[in-house]
Amino acid sequence: MFHIYCPHCAEYREEEEFHAAGQAHIPRPLDPDACSDKEWGEYMFFRKNPRGIHHELWVHAAGCRKFFNMTRDTQTYEIKEVYKIGEQPSVVAE
Amino acid sequence: MTQQNRLQSGGRIDRSKPMTFTYNGKQFTGFQGDTLASAMLANGINVVGRSFKYSRPRGIIACGAEEPNAVLQLGATEATQVPNVRATQQELFNGLVSASTNGWPSVDTDVMGMIGKVGGSMMPPGFYYKTFMFPQSLWDSYETMIRKAAGMGRSPLESDPDTYDNVNQHCDVLIVGAGPSGLAAALTAARGGARVIIADEQSEFGGSLLNTKETLDGKPAAEWVRAVVEELATYEDVMLLPRSTVNGYHDHNFVTIHERCTDHLADIAPVNQARQKHHRVRAKWVVLATGAHERPLVFSNNDVPGCMVSNAVSTYINRYGVVPGNELVLMTTNDYGYQAALDWDDAGRKVVAIVDTRASGKGSRAEAARKRGLNIISGSAVIEVQGSKRVSSVSVAAISADGHKVTGSVTKLKADTVASSGGWSPVIHLSSHTGSRPTWDDQIVGFVPGPTVQKQLTAGGINGQYDTAVALKQGFDAGQKALTEVGLSAAEVVLPKAETLKTDAPMSLFHIPHLKPTSQAPKQFVDYQTDVTAAGIEVACREGFESIEHVKRYTAMGFGTDQGKLGNINGMAVAAKALNKTIPETGTTIFRPNYTPISFGAIAGRNCGALFDPERYSAMHMWHVEHGAKFEDVGQWKRPWYFPQGSETMQQTLDRECLAVRDSVGILDASTLGKIDVQGKDAREFLGRVYSNAWAKLAVGKCRYGLMCGEDGMVFDDGVSACLGDNHFLMTTTTGGAARVLEWLEIYHQTEWPELEVYFNTVTDHWSTLTISGPNSRKLLEELTDYDLSNDNFKFMDWKQMKVAGVPARVFRISFTGELSFEINVQANYGTHVWEKLFEAGKKYNLTPYGTETMHVLRAEKGFIIAGQDTDGSVHPYDLGMGWCVSNQKPFSYIGKRGMNRVDCVRPNRKQLVGLKTKDPKAVIPEGAQAVLDPKEPIPMTMIGHVTSSYWSANLGHSIAMGFIKGGLDKMGETVYYPLANGTVIEAEICSPIFLDPKGERQNV
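A quick note: this is a predicted structure, and the numbers were derived from the prediction, not measured.

(A) Representation of the overall build of chain A. The secondary structure content of chain A amounts to one helix and six strands. Reading the secondary structure of chain A in the N-to-C direction produces β-β-β-α-β-β-β. The principal-axis extent of the C-alpha atoms belonging to chain A is close to 40 × 30 × 20 Å. Put simply, chain A has 94 residues, and 16% of those count as buried. Summarising the internal contacts of chain A: among those between residues at least 6 apart in sequence, 49% fall at separations of at least 24.

Have a look at this one:
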């Protein structure tokens, strides 16, 4: 069970208070109507499944209800960093 | 009964406190301080079970968690039955009732044993799969029979009378194991001011120091242990957990501990005490001081009762004052093993021979044995033992220096006990729980913890360091390191001086050769609990299983409740030899939580019975209960399902409730609908983006129905939102979808459109919603308010602020029944007051309470959908015939717009929601029934849709249904068929789903 630092609450809390909301940094296309079906399908459905560094979106669901980003190693389950929406990760896959 | 194997003195037992216990119906006596196993051995009980596959008699072999054989059923009553208890870990209490779990009709005379004897060589790995394959149809009965014969204990048939607790803990340092290294670590960390938890699975702290005659500072080691424990107990921030097994090491130093609080006291916990506690610990640092398990050697008939690991022999003598036999033959590959012979000799019983597989042993213990004149046979091995329910003699022969071949002639020695030591296996289980792969250490002939990402330290036996002085030092170092890491300064600790024993290099030997090849030699057991033999592993390798993980699964090695603690390394060594690889090349299987079995009770804690899952009640819940409501679970809510009167059947109730609404007035508790307060200057814009229809022009005081879609264009929720002010809306959601919708709004606001100024809050529980519906609803409401409710002043889809029954209310004139309807929202704690006032005034209108089922029928008569029942995530608004609820004029491409314009969403022949009128008006099509065009088509038929909602309508006098049909909106008037599982077919005509009042006149009066 993860021990997660919520960047909004500025505290470590138990995983039970959070849940994952999928891959981070998938912006909604600014003009959806200009997207082809293929582009729209990729935005909607296609996600990475890396072994190693992964950027994820999490929500402090039973806490402040805020979303934030997490860089996590999917192999060791280490949380490398958490950062707010709109910020960029400092730890990235090689 | 006499305890024939009990010594007159010595051990950590209290001879002044005798305790009686029963085993397989017979009564025996032991002492306070005994484990069930030590008491059984004291009484000379040889056979404690029958083996899993071959039904061979088995005896106690070890003294701790690694015990594979003495796995017993405990419990004096049906409700207190506990399966799979290791007798070696169960403390004795007065009145303990135990029984062996295998063996029919009994462990002493077992019918399956015959099969094991004669059929042994006919039961290779995969025997059951290979033998009982045909005919496949009989596998179920084969399996039942096999499982019965092989049983491993049973669950109680009655509810557990005990309570259990879950406890959350935090600490700086968690120390696992309270042997020399664990205690040294704890003492250091505690003196440094750290918050410490130290847990040990045994009844008292001390670990290996309890089992030996070792001295520290020239005094018995137990004195040092007592002093340390006494000091630790004085620290406020140190928690001592004896009888507590650290069972799981999870990510981010989350560790679970299973504490047995009262298992040592009685069959059932004393009043007001939890039987067991499940500690969930988040530790900044973890020190693993888990020690090591001694490995038995693998030789022919090594499972005959009387064969034990040598360390267990020492422990029973030194700790419990029990000598488990009369004549000992010891076989060892290392110096440590000699200790058992020395202890046996001290106990005054006969050491027949010490068989050292090495050419010579020059360590201190070997020297001591030599000095005493014990019979040491070097360069040899016990290649076979004789006996069935107890060892009667052993065969000893010289072996080659590499241990692969028997080189000399066989000597038979009379003995009843064979202790063997193949060296030690560090207890690396916890360290591998988090995915760390152990590494092989040639020096210690064993696996040690591998690299880890956890904040983990190790000390002592787990590192392959078995010398007490080294263990103490490593524990001290781990304690200091933990102090530094958590930001505390170093502590002052003077370690006691341990005896230094010279040890000679061990021999790397696991599998003792026999005169015959392994496949023909008498069975050589590797994993006792799952009856895996060296020959079986060789067969598996020969049949092509090369990965150790495959060998494990094919042979079942390590699959018992002991997870192969004794046998795994031996099995890997046998496999390595068969595959002509080294052990590190063969690799190890991975241990997983839990280290030892844990009761479901401890995991569940108090989260059972009424506390299993929260139940949510509306403010009027007690009224519903008092008026005989039957309830339905909707999410966590208990919603009234229907309100039967007298001896009514459910259908009669529904008919009465449905008619009452359409004839006069009914009332529904709609409080459970999700309610989200939306505020901010961009609230309106936001609604326009998350709903498929338009919100730009909704005036203050007006309500509007909206459909919520995913980016794929599929409907996932619906509800009415009201404009409370220019910047203020109240959104309602389905009962089950409330939390999901709130998160949906939040994720879009926070991640996509943070520039919009809008705020959301759940207000579901803040309001009671009382929906009165029916032609007399206005008259009824008029009696409780002065407000002008006329159709001119209060139009359909308006909401008004007014006082109802003297309390402030928001009243929404919206309708889910198609009738004139008012949803009265009051502060939740006024709910019952207003509800009761409505009933006082409603008597003359026959005000009828109705539940969710009648609500479903009434809305289906009007063709209104229920998101989640008539939608399944694969239908968009047009599929539902609700294109009127989609706006393509909105400037912003709202969620769902792009999705519902995908090629697949606009293709012809999509499944569309239609009404279904059965040819036989009385026939109600089961929900879920599949539609076909030709009921005579051979199976598999071409299915063109299914029924989503179907009811008997008392108002209409016929059944009504809605369902999906491919291209259904263009098939009005056509016939479809619903073939049912019972062979009958229901014929139906496709029609509009609006069965009643298609023009919507009733709600507009």
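(B) Structural detail: the packing of helix 7 (residues 310–320) of chain B against helix 8 (residues 338–346) of chain B. Residue and element names in this part refer to chain B. It is at 8 Å that the axes of helix 7 and helix 8 come closest, and there the two elements cross at 30°. Here helix 7 is positioned roughly parallel relative to helix 8, judged by the angle of their axes. The two elements helix 7 and helix 8 cross, and the hand of that crossing is left-handed. For the pair helix 7 and helix 8, contact is made by Ser-310, Val-313, Ser-314, Ile-317 and Asn-318 and by Gln-339, Ala-340, Asp-343 and Trp-344, respectively. Split into classes, the residues belonging to the contact of helix 7 with helix 8 amount to four nonpolar, four polar and one charged.

(C) Just helix 18 (residues 650–663) of chain B, in detail. For helix 18 of chain B, with 14 residues, the first-to-last C-alpha span of 20 Å sits near the 20 Å given by 1.5 Å per residue. The elements touched by buried residues of helix 18 of chain B are strand 32 (637–642), strand 33 (666–669), strand 39 (767–773), strand 43 (848–849) and helix 23 (852–861) of chain B.

(D) Spotlight on the interface of chain B and chain A. Facing the 20 residues of chain B at the interface are 19 residues of chain A. Counting residues per element, the side of chain B that touches chain A draws most heavily on helix 20 (residues 738–751) of chain B, at five residues. Here the side of chain B that touches chain A is built from residues that sort into four nonpolar, six polar and 10 charged.

(E) How the structure looks around the nonpolar core. Residues and elements named next belong to chain B. Membership of the largest hydrophobic core comes to 98 residues, with the highest contact counts inside it found for Met-40, Val-329, Ala-341, Val-382, Val-418 and Ile-537. Considering every element that reaches this core, the biggest residue donor is helix 14 (residues 568–579), with seven residues. Composition of this core by domain shows at least three residues from each of domain 1 (1–161) and domain 3 (295–423 + 503–586). Other than its neighbours up to four places away in sequence, Met-40 contacts Tyr-23, Ile-45, Val-48, Ile-60 and Ala-87. Ala-683, Met-731, Met-855 and Ile-960 belong to the second largest nonpolar core, which has 96 residues in total.

(F) Highlighting the sheet that holds strand 34 (residues 674–679) of chain B. Residue and element names in this part refer to chain B. Within the open sheet, the five strands sit side by side as 35-36-37-34-38. Their pairing is antiparallel. Edge positions in the sheet fall to strand 35 (703–709) and strand 38 (759–762), since each has one partner strand and no second. Taking each pair of neighbouring strands and ignoring which way they run, the sheet shows an average axis angle of 25°. The pairing of strand 35 with strand 36 (residues 715–725) spans seven bridges and is antiparallel. When the sheet's bridge partners are listed, Met-708 is paired in strand 36 with Asp-717. Of the strands in this sheet, strand 34, strand 35, strand 36 and strand 37 (728–733) are in contact with helix 19 (residues 683–690), which crosses strand 34 at around 130°.

(G) Expanded view of unusual backbone geometry. Residues and elements named next belong to chain B. For the bond running from Pro-593 to Asn-594, omega is 5°, close enough to zero to count as cis. Non-glycine residue Asn-84 carries a positive phi angle of around 60°. With respect to the element layout, Asn-84 can be found in strand 6 (residues 82–86). On the basis of neighbour count, Asn-84 is assigned to the partly exposed category, with 18 C-beta atoms found within 10 Å. Positive phi outside glycine occurs at Gln-563, with the angle close to 50°. Along the chain, Gln-563 falls in the loop between helix 13 (548–555) and helix 14. A residue is classified by how many C-beta atoms lie within 10 Å of it, and Gln-563, with 23 of them, is buried.

(H) Quick look at the domain arrangement of chain B. All names here are of chain B. Under the domain assignment, chain B is made up of domain 1 (1–161), domain 2 (164–292 + 426–485), domain 3 (295–423 + 503–586) and domain 4 (910–999). Contacts between the two partners involve 36 residues from domain 1 and, on the opposite side, 36 residues from domain 3. Looking at the side of domain 1 that touches domain 3, the element that brings in the most residues is helix 1 (residues 36–42), giving three residues. A breakdown of the residues in the side of domain 1 that touches domain 3 according to their chemical character gives 17 nonpolar, 11 polar and eight charged.

(I) Up close: the environment of Gly-379 of chain B. Residues and elements named next belong to chain B. Checked against the element boundaries, Gly-379 lands in the loop between strand 20 (376–378) and strand 21 (380–386). When the C-alpha atoms of Gly-379 and Asn-43 are compared, they prove to be 35 Å apart, with 336 residues separating the residues in sequence. Residues contacting Gly-379, with those up to four places away along its chain left out, are Arg-358, Ala-359, Ala-398 and Ile-399.

(J) Representation of the environment of Glu-743 of chain B. Residues and elements named next belong to chain B. With respect to the secondary-structure elements, Glu-743 resides in helix 20. On the neighbour-count criterion, Glu-743 (17 C-beta atoms within 10 Å) is partly exposed. For the pair Glu-743 and Phe-760, spaced 17 residues apart in sequence, the C-alpha separation works out to 9.6 Å.

Cut-offs used in this document
Residues numbered from 1 in each chain as written. Chains lettered and ligands numbered in written order. Predicted model: local features only at pLDDT ≥ 70, side-chain atom pairs only at ≥ 80, totals over all residues. Helix = DSSP H or I, 4+ residues; strand = E, 2+ residues; numbered from the N terminus. Buried ≥ 20, exposed ≤ 12 C-beta atoms within 10 Å, placed from the backbone. Contact = placed C-beta atoms within 7 Å. Axes fitted to C-alpha atoms, helices over the stretch in contact; angles between N-to-C directions. Parallel < 35°, antiparallel > 145°, perpendicular 65-115°, else oblique. Left-handed = near helix turned anticlockwise from the far one by under 90°. Nonpolar A, V, L, I, M, F, W, Y, C, P; charged D, E, K, R; others polar. Expected span 1.5 Å × (residues − 1). Core = buried A, V, L, I, M, F, W, Y, C linked by C-beta atoms within 7 Å. Domains from an automatic or database assignment. Pairing = 2+ DSSP bridges.

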